Amino acid sequence: MFQNFYDRYSTFLVKRQLTTCGENLRARNAGEIFKGKGAEIHVGNNVMLERKVRLSLGDNARIYIGDNTYLGDFSNVLAVKEISIGSNCAISWHVLFMDTSSHPLGFRGEVPRTKIAPIRIEDHVWIGCRAVILKGVTVGEGAIIANNAVVTKDVPPRTMVAGNPARVIKEDVIWE
């Protein structure tokens, strides 16, 4: 009984910070939400945010989480511009999404600048524990990201990627 009450209270606290929220959100142990000015979080129906999921948004940034999507314990979604997670996605624990390089970087002859590019996770994607999804990446529909993969480039639909940097190791994958 206590756990149900705690989950309801935690969900209430999270809902207060969302721009839009579908039905049946469940946020277990609220984690942390940091929002800059004008930032928005949009969550679909039947979304589950497990323990200590962190959502961090810069000024005017956007996070979208589609219907029937699960984010595992201690996952961290850091959006300076935009991160979009599709419907029916399964995201394991300790996954990091980061749409920025965080620090100015340049090479000989360049002015150092912070690189920022949106992340797009299409529908029905499975992301294994401790994976890292970096700026500018699109993960295609039905793809699988293996545990500990560091994704620096687009992932084609229905492929499995693994490694650092992640590369395609299987094609035509199907998961349920």
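In case you missed it, the structure is sitting above this.
Residues numbered from 1 in each chain as written. Predicted model: local features only at pLDDT ≥ 70, side-chain atom pairs only at ≥ 80, totals over all residues. Heavy atoms only, no water.

Undergrad: What's the story with the overall build of the protein chain in this structure? I'm lost.
TA: Along the protein chain, the regular secondary structure elements total one helix and 20 strands. Scaling as 2.2 N^0.38, a compact globule of 176 residues should have a C-alpha radius of gyration of about 16 Å, and the protein chain matches this with 16 Å. Summarising its shape, the C-alpha atoms of the protein chain cover approximately 60 × 40 × 20 Å along the three principal directions. Classification of the 176 residues of the protein chain by burial places 42% in the buried group. Sequence-distant contacts, at least 24 apart, represent 17% of the contacts inside the protein chain between residues at least 6 apart. Accessible surface for the protein chain amounts to roughly 9600 Å². Of this, 51% is attributable to carbon and sulfur atoms. Charged side chains in the protein chain number 22 positive and 18 negative. The centres of these two groups are separated by 7 Å. (Helix = DSSP H or I, 4+ residues; strand = E, 2+ residues; numbered from the N terminus. Rg over C-alpha atoms; globule rule 2.2 N^0.38 Å. Buried < 20%, exposed > 50% of the residue type's maximum accessible area, 1.4 Å probe, protein only. Contact = heavy atoms within 4.5 Å. Areas by Shrake-Rupley, 256 points an atom, 1.4 Å probe, with all protein chains shown as cover. Lys, Arg positive; Asp, Glu negative; His and termini not counted. Charge placed at Lys NZ, Arg CZ, Asp CG, Glu CD.)

Undergrad: How should I be thinking about the nonpolar core in this particular structure?
TA: Buried together is how nonpolar side chains tend to be arranged in soluble globular proteins. Counting 39 residues, the largest nonpolar core has L49, F97, I121, I127, I133 and I145 as its most contacted members. For L49, the contacting residues outside a window of four places in its chain are V14, L25, R26, A27, R28, I65 and L71. (Core = buried A, V, L, I, M, F, W, Y, C linked by side-chain atoms within 4.5 Å.)

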